[in-house]
Amino acid sequence: MAIGEMIRFRNTRSRVGASKVTAVLAAVAATCLAAGGPTVANAVPTSCAAGWEATTLASGLGWIENLESDGKGGFYLTGADNGEIYHVNSERQVSTLLRGLDKPAGIRLIGDLLYFVTGDDPTRTVADGTLQRLDLSTGELTVLLEGLFGPNGLLLLPDGDLLISRLDIFGPPTGITRYRPATGAVTPSWSKVQRSNGLALSPDGNSFYTGDVTSTIIRIPFDAPDTSTVVSTIPNLIALPDDMQATADGKLFVADHLAGAVYQVDLATGESCSIVTGLTKPSPIRIPPDGPTSVRIAADGDGWALYVTAFDGTLRKLVPPANVDLTPIGVETG
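Remember, it's a predicted structure, so these values are computed and weren't measured experimentally.

A. Representation of the overall build of the protein chain in the model. Counting secondary structure elements, the protein chain contains 1 helix and 26 strands. For the protein chain, contacts bridging at least 24 residues in sequence account for 51% of all contacts bridging at least 6. Working note: accessible area of the protein chain is about 13,700 Å², and carbon and sulfur atoms make up 51% of it.

B. Focus on the layout of surface pockets. Volume-wise, the largest pocket comes out at about 570 Å³. In this structure, the largest pocket is lined by 26 residues; those nearest its centre are Arg108, Gln245, Ile297, Pro328 and Ile329. Only strand S4 (64-69), strand S8 (107-110), strand S12 (151-156), strand S16 (199-201), strand S20 (241-246) and strand S24 (292-300) provide two or more residues apiece to the lining of the largest pocket. Counting residues per element, the lining of the largest pocket draws most heavily on S24, at 4 residues. Here the lining of the largest pocket is built from residues that sort into 17 nonpolar, 5 polar and 4 charged.

C. Expanded view of the sheet that holds S16. Read from one edge to the other, the open sheet built from 4 strands follows the order S16-S17-S18-S19, with strand pairing classed as antiparallel. Edge strands, defined here as strands with exactly one partner in the open sheet, are S16 and strand S19 (229-233). Within this sheet the neighbouring strands show an average axis-to-axis angle of 25°, counted without direction. Sheet analysis places strand S17 (residues 207-211) next to strand S18 (residues 216-221), joined by 5 bridges and oriented antiparallel.

D. Structural context of unusual backbone geometry. Not every positive phi belongs to a glycine, and arginine 92 is a case in point at roughly 70°. Within the secondary structure, arginine 92 sits in the loop between strand S6 (84-88) and strand S7 (94-98). Residue classification places arginine 92 among the partly exposed residues on the basis of a relative accessible area of 41%. Even without glycine at this site, lysine 103 takes up a positive phi of about 45°. Of note, lysine 103 is situated in the loop between S7 and S8. Since its relative accessible area comes to 16%, lysine 103 is described here as buried.

E. Molecular detail of the sheet that holds strand S15 (residues 185-191). Strand order across the open sheet formed by 4 strands is S12-S13-S14-S15, with antiparallel pairing between neighbours. Two strands close off the open sheet at either side, each with one partner strand: S12 and S15. Strand-to-strand twist of the sheet, defined as the mean angle between neighbouring strand axes without regard to direction, takes the value 25°. Here S12 runs beside strand S13 (residues 162-166); their pairing, made up of 4 bridges, is antiparallel. Each bridged residue has a counterpart across the sheet, and for leucine 156 the counterpart in S13 is leucine 162.

F. Broad picture of the state of the cysteines. Across all of its chains, the model carries 1 disulfide by this definition. The disulfide that involves cysteine 48 links it to cysteine 273, with 2.0 Å between the sulfurs. An S-S torsion of about 80° defines the bridge between cysteine 48 and cysteine 273 as right-handed. In this pair, cysteine 48 sits in the loop between strand S2 (46-47) and strand S3 (53-58) while cysteine 273 sits in strand S23 (residues 272-276), placing the two residues 225 residues apart along the sequence. The class for cysteine 48 is partly exposed, based on a relative accessible area of 22%. For cysteine 273, a relative accessible area of 11% corresponds to the buried category.

Conventions adopted
- Residues numbered from 1 in each chain as written.
- Predicted model: local features only at pLDDT ≥ 70, side-chain atom pairs only at ≥ 80, totals over all residues.
- Heavy atoms only, no water.
- Helix = DSSP H or I, 4+ residues; strand = E, 2+ residues; numbered from the N terminus.
- Contact = heavy atoms within 4.5 Å.
- Areas by Shrake-Rupley, 256 points an atom, 1.4 Å probe, with all protein chains shown as cover.
- 1 Å grid on protein atoms, 1.4 Å probe; cavity = no way out; pocket = protein on both sides within 12 Å on 5 of 7 lines; lining within 4 Å.
- Points joined across faces, edges and corners; volume = space filled by probe spheres on them.
- Nonpolar A, V, L, I, M, F, W, Y, C, P; charged D, E, K, R; others polar.
- Pairing = 2+ DSSP bridges.
- Axes fitted to C-alpha atoms, helices over the stretch in contact; angles between N-to-C directions.
- Buried < 20%, exposed > 50% of the residue type's maximum accessible area, 1.4 Å probe, protein only.
- Disulfide = S-S within 2.5 Å.

Written out as structure tokens, the structure is:
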């Protein structure tokens, strides 16, 4: 562990074998077909990219899997391929907080406590994932949960609990885990909904959204966590919706690291469009997944911006046009 050690931007090659990636994609394709996924006629999403402006904040960081705002203009990032957790401050300086982790993924900040999961590998058939906590004030690292199967997404709920999504593609169906930081209580399969990836709270606070690796966004109510309804189907032949976040006025922004896009979904109608495309690793031959992995809404001066991580090792800021309100859930307006 190296707290606050400054590092230079660098290019990091993926350490995930092509055979594993192929296996995952084959499983996703099979799941899409079995679920009656989108047809070829709907393979090209509508674009609503006009007016969005993109800025690169950091690059060369390997496979960035997730991010969390530090509340001070910076972000914490998880490096899935190199086992590191980074901090990018408001001046775009990058430091490494932790090294030697096993594929860290979802990450959330509660006060001075940084929670994150490890073992994010959908090809594994063993439950070797963890939920860990880093005390930013002392540097103390604590393993809170062990024996998680393929933990991926992490969502902080209004009551202070954490949800852990799990990509149970090859292993046993495990569903979504619920953990209470205040007491350490854990419900291993609180929701039995399978193959969940990114997670986002609904505007009304009564449910949450997730992607189920079939190009579909679903809604799961807190009072009936074993049930789900389809909110939207991403109009791509094969899409892999990853992490996401909703706005107070009912839009959901979703990263797709197969298509290399970020989508805007109208939660009232289910209609979706792409606000940015082509965010993939620069290479003559694509070996997906290699695109966006997570989105977060955070402050940008007096307004809000969408911050995006991707497997090309880049943290980007997307500033919306004037007609798009990115005010996040729980923020007073007017």
